[in-house]
Amino acid sequence: MNTFVCVVGAGPAGLVTAIGLARAGVPFVLLDAGHGPVTESRGLVVHAGALEVLDELDVAGDLLREGTLVRDFRIAVRGRALMRIPLGEVPSRFPYVLLVPQATTEAELYARLAELGHTPLSGHRVTGARQDGDHYEITGEDPGGRPFTVRARHLVGADGLHSTVRDAIGVGLPRHTYDTAFLSADVDMRDGPDPGLAHIMPSRHGLLFLAPLPRGRWRLIISVRSPGGRRPDPPSRAEVQGHLRQRGLPRATITTVHKSAGVLLHHGIADDFGRGRAALAGDAAHVHSPAGGMGMNTGIQDAHDLAATLATIHRGEDAATALAGYRRRRMDAARQVVAFTDRIMRLVTLDTVAVHVLRTSAFALAGLVPAIRRRVALMVSCTTRTPARTGAPGLPSA
Ligand SMILES: Cc1cc2nc3c(=O)[nH]c(=O)nc-3n(C[C@H](O)[C@H](O)[C@H](O)COP(=O)(O)OP(=O)(O)OC[C@H]3O[C@@H](n4cnc5c(N)ncnc54)[C@H](O)[C@@H]3O)c2cc1C
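Note that the coordinates shown come from a computational prediction; the quantities given were computed from them, not determined experimentally.

Undergrad: Help me understand the overall build of the protein in this model?
TA: A count of helical and extended segments in the protein gives 10 helices and 20 strands. In terms of overall dimensions, the protein is globule-like: its C-alpha atoms have a radius of gyration of 21 Å, near the 21 Å expected for 398 residues. Seen through its C-alpha atoms, the protein measures out along the principal axes to roughly 65 × 45 × 35 Å. Here the protein holds 398 residues, and the buried ones make up 57% of them. For the protein, long-range pairs separated by at least 24 residues make up 73% of all intrachain contacts whose partners lie at least 6 apart in sequence.

In structure tokens:
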């Protein structure tokens, strides 16, 4: 099979790259080892900066109908509100956060790609890629275990944290694993907090984050110690209930746990966002804690920029110059996000009594200063890092 771009990975980053290429009329193949949207509990928060990108690709409208809108994150200790992050005040035509499971976001992206006449090749696991003159030869196994080869002028690695493409092009992603992990649980709950807000509740026992989901459910994120980087087991209902009691919600009662998982947390950034005519996007290029909910959002923005960059190359622009611009813009964005999430992790997960007292006072003071609240909202909303504001080329329509 011969094509202009071979995109490896049909997670959010690969799907957005493919939709952008399809809209611009650039020939491509999209390969994925899996079969359809993610089923595990992953991303939930879609920020204004990603909604702007998804809107341009005609995906935001459908997604907004599927999720819950929240305009404020509230930081509270033992029921006392200390600080509000006013996401409703960010300068965007989407002045809020959309809470929608990543499975739904991916399903909408699959549907949009199908409308544009394309389907990912599912069950196609890439095992290697090598440069052969002015082409890449990408090899792997199809769903029947038979070998396949794709020849492409450009290669996109959107194949997640353990990227085969990143290894094949010789780029490293040095990362640090935190000794705090997260438990994630999607639950039904009685007597919980205000469902109109997302709640961040640091305590001396660790962090509790609660976000309202569609149909009255809640997503809970609970920090736990994981010395040695051991992935915690998915929590039971009793365990989740115990964490709520301990961390400031004694009256809330968990009635059902629908999905739960233990998640190890890393942070790091690839040595470069590509090499030659290959480029990396999403978790293949940067990894950070889900605190702030910016992983998928940043990957979606990378992907839009990359699709627009490849479209300019397809129309005749010099590939080396255009891809160098992509790598510079998106590494810059990723550095900001990785540094910010690392600061949040340190702030919210330190759990000695002394640190907790200091942190509570710091939040209370920061909560009194509107400029600090607005700055945090701007950072989290991802709006300053959208391709339109970082000098990326616009995405043409075929
Ligand atoms: C508990 C949790 C909560 C999170 N919350 C948020 C949030 O609220 N907001 C947010 O923005 N982010 C969040 N994230 C992060 C988010 O889930 C990831 O950043 C996002 O999924 C990355 O997208 P991606 O497309 O880069 O990679 P992935 O989603 O990992 O997709 C990679 C794709 O590549 C395919 N693949 C892998 N290897 C191969 C191969 N060799 N050949 C072919 N295909 C291959 C896989 O099948 C997969 O489909 C959260 C993550 C977790 C774990």
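That covers the picture; the talk isn't over yet.
Undergrad: Looking at this model, I keep getting lost on the nonpolar core. Mind explaining?
TA: Grouped burial of nonpolar side chains is what soluble globular proteins tend to show. If you look at the biggest cluster of nonpolar residues, it comprises 111 residues, and the most contacted ones within it are Val5, Leu54, Phe73, Ile138 and Leu155. Considering each element in turn, this core owes the most residues, 10 residues, to helix H8 (residues 319-349). Counting contributing residues, this core receives three or more from each of domain 1 (2-176 + 267-389) and domain 2 (179-264). In this structure, Leu155 is in contact with Cys6, Val8, Ala129, Tyr136, Ile138, Val165, Ile169, Arg277, Ala278 and Ala279, ignoring residues within four places of it in sequence.

Undergrad: Mind showing me how you'd approach the pattern of salt bridges here?
TA: Once their charged atoms are close, side chains differing in charge can pair, the charge on each being opposite to the other. Taken as a whole and judged by the stated rule, the model has 19 salt bridges. Residue Arg84 pairs with Asp72 through a salt bridge whose shortest N-O separation is 2.9 Å. Taken together, the residues span a long stretch of sequence, with Arg84 in strand S6 (residues 80-85) and Asp72 in the loop between strand S4 (68-70) and strand S5 (73-77) at a distance of 12 residues. Given the relative accessible area of 33%, Arg84 is considered partly exposed. Asp72 gets classed as buried once you look at its relative accessible area, which sits at 16%.

Undergrad: I'm lost on a nonpolar patch on the surface in this one. Help?
TA: A cluster of nonpolar side chains, Leu365, Leu368, Val369 and Ile372, forms an exposed patch at the surface whose accessible area comes to about 380 Å². Secondary-structure assignment places Ile372 in helix H10 (residues 370-381). Since its relative accessible area comes to 36%, Ile372 is described here as partly exposed.

Undergrad: Help me understand the site of the ligand, please; the structure alone is not making it clear to me.
TA: Lining the immediate surroundings of the ligand are 31 residues, of which Asp32, Gln102, Asp283, Met296 and Asn297 lie closest. Between the ligand and the protein, one listed contact pairs an oxygen atom with a side-chain N or O atom of Arg42 at 3.4 Å. The backbone of Val45 places a nitrogen or oxygen atom 2.8 Å from an oxygen atom of the ligand. Starting from 1000 Å² of accessible surface for the ligand in isolation, the protein chains cover 86%. When contributions to the shell around the ligand are tallied by element, the ones reaching two or more residues are helix H1 (12-24), strand S8 (125-132) and helix H7 (295-314).

Undergrad: Please explain the sheet that holds strand S15 (residues 218-225) as it appears in this structure.
TA: Remark on secondary structure: sheet strands pair via backbone hydrogen bonds, oriented parallel or antiparallel. Strands sit in the order S6-S5-S13-S14-S15-S12-S16 across an open sheet of 7 strands; the sheet is mixed. The sheet is open, and its two borders are formed by S6 and strand S16 (253-263), each paired with just one other strand. Strand-to-strand twist of the sheet, defined as the mean angle between neighbouring strand axes without regard to direction, takes the value 20°. Bridge count between strand S12 (residues 180-190) and S16: 9 bridges; the pairing is antiparallel. Within S16, the residue paired with Phe182 across the bridge is Val263. With respect to the sheet, helix H6 (residues 237-246) is in contact with S12, strand S14 (206-212), S15 and S16, its orientation differing from that of S16 by roughly 100°.

Undergrad: What is the right way to read the side chain of Arg112 from this model?
TA: Its place among the elements puts Arg112 in helix H4 (residues 102-115). Owing to a relative accessible area of 10%, Arg112 belongs among the buried residues under this scheme. Once you skip the residues sitting within four places of it in the chain, Arg112 turns out to touch Ile19, Arg23, Leu57, Asp58 and Val59.

Undergrad: Sorry if this is basic, but what is going on with the environment of Ala366 here?
TA: Mapped onto the elements of the fold, Ala366 is located in helix H9 (residues 353-366). Once you skip the residues sitting within four places of it in the chain, Ala366 turns out to touch Met83, Ile372 and Arg373.

Undergrad: I tried to follow the layout of surface pockets on my own but got confused; where do I start?
TA: Gaps left between atoms show up when a probe the size of a water molecule is rolled over them. Considered as a void within the structure, the second largest pocket measures approximately 290 Å³ in volume. What lines the second largest pocket is a set of 18 residues, and nearest its centre among them are Pro101, Thr104, Asp186, Arg215 and Arg217. Secondary-structure elements contributing two or more residues to the lining of the second largest pocket are H4 and S16. It is H4 that provides the largest number of residues to the lining of the second largest pocket, a total of 3 residues.

Undergrad: Would you take a moment to explain the packing of aromatic side chains for this structure?
TA: Evaluated as defined, the whole model comprises 2 aromatic pairs. Residues Phe94 and Tyr96 carry aromatic rings whose centres are separated by 6.3 Å and whose planes lie at 75° to one another, so their mutual orientation is edge-to-face. Assigned by exposure class, Phe94 and Tyr96 land together as buried.

Undergrad: Honestly, the domain arrangement of the protein in this entry has me stumped. Any pointers?
TA: When the parts of a complex come together, some accessible area is lost, and that lost area is often used as the size of the interface. Here the protein is partitioned into domain 1 (2-176 + 267-389) and domain 2 (179-264). The centre of domain 1, based on its C-alpha atoms, is set 25 Å off from the matching centre of domain 2. Domain 1 puts 29 residues into the contact, and the matching count from domain 2 is 25 residues. Together domain 1 and domain 2 conceal approximately 2400 Å² of surface at their shared face, both sides included; 64% is due to carbon and sulfur atoms. The interface formed by domain 1 and domain 2 contains 0 salt bridges. In this structure, the connection of domain 1 to domain 2 is made through 5 residue pairs in polar contact (both at pLDDT 80 or more). Contributions of two or more residues to the side of domain 1 that touches domain 2 are made by S4, S5, H8 and H9. Among the elements that line the side of domain 1 that touches domain 2, the one with the most residues is S5, at 5 residues.

Thresholds applied
The numbers attached to residues start from 1 for each chain and follow its sequence in the written order. For this predicted model, a pLDDT threshold of at least 70 governs which residues receive local features, and a threshold of 80 or more governs which side-chain atom pairs are given and counted, while totals over whole chains, interfaces and linings are taken from all residues. The basis for every side-chain value is the complete set of non-hydrogen atoms in the structure, without hydrogens or water. To qualify as a helix, a DSSP run of H or I must reach at least 4 residues; to qualify as a strand, a run of E must reach at least 2; elements of each kind are numbered from the N terminus. This radius of gyration counts C-alpha atoms alone. The globule rule is 2.2 Å times how many residues there are, raised to the power 0.38. Classification of residues uses two cut-offs on accessible area relative to the type maximum, computed with a 1.4 Å probe and protein chains only: under 20% is buried, over 50% is exposed, and between them is partly exposed. We call two residues in contact whenever any of their non-hydrogen atoms come within 4.5 Å of each other. In these notes, a set of buried Ala, Val, Leu, Ile, Met, Phe, Trp, Tyr and Cys residues joined through side-chain atoms within 4.5 Å is what counts as a nonpolar core. Per the annotation, domain bounds derive from an automatic or database assignment of domains. For this analysis, a salt bridge means a side-chain nitrogen from Lys or Arg found within 4 Å of a carboxyl oxygen belonging to Asp or Glu. Patch membership is restricted to residues that have no salt bridge and whose relative accessible area is over 30%. Joining uses 9 Å for like charges and 5 Å for the nonpolar side chains Val, Leu, Ile, Met, Phe, Trp and Tyr. The Shrake-Rupley method, run with a 1.4 Å probe sphere, supplies the accessible areas, and residue values consider only the shown protein chains as cover. Each residue is tested against the molecule or strand, and it is near if at least one of its non-hydrogen atoms lies within 4 Å. Polar contact is defined as a pair of N or O atoms within 3.5 Å, subject to the rule that within protein one atom must be able to donate a hydrogen and the other to accept it, and that residues adjacent in sequence are counted only when both atoms are side-chain atoms. We treat two strands as partners when DSSP finds at least two bridges between them. Between N-to-C directions, angles span 0 to 180 degrees; the directions come from axes that are lines fitted to C-alpha atoms, helices contributing only their stretch in contact. The definitions used throughout rest on a 1 Å grid laid over the protein atoms alone, on which a cavity is an enclosed set of points accommodating a 1.4 Å probe that cannot get out and a pocket is an open set flanked by protein within 12 Å on both sides along at least five of seven lines; lining residues are those having an atom within 4 Å of a point. Grid points are joined across faces, edges and corners, and a volume is the space filled by probe spheres set on the points. Ring geometry is summarised as follows: Phe, Tyr and Trp rings, the Trp one being its six-membered ring, pair when their centres sit within 6.5 Å, and such pairs are stacked at plane angles under 30 degrees, edge-to-face over 60 and tilted between the two. Two parts placed together each lose some accessible area; with a 1.4 Å probe, that loss summed over both constitutes the buried area.

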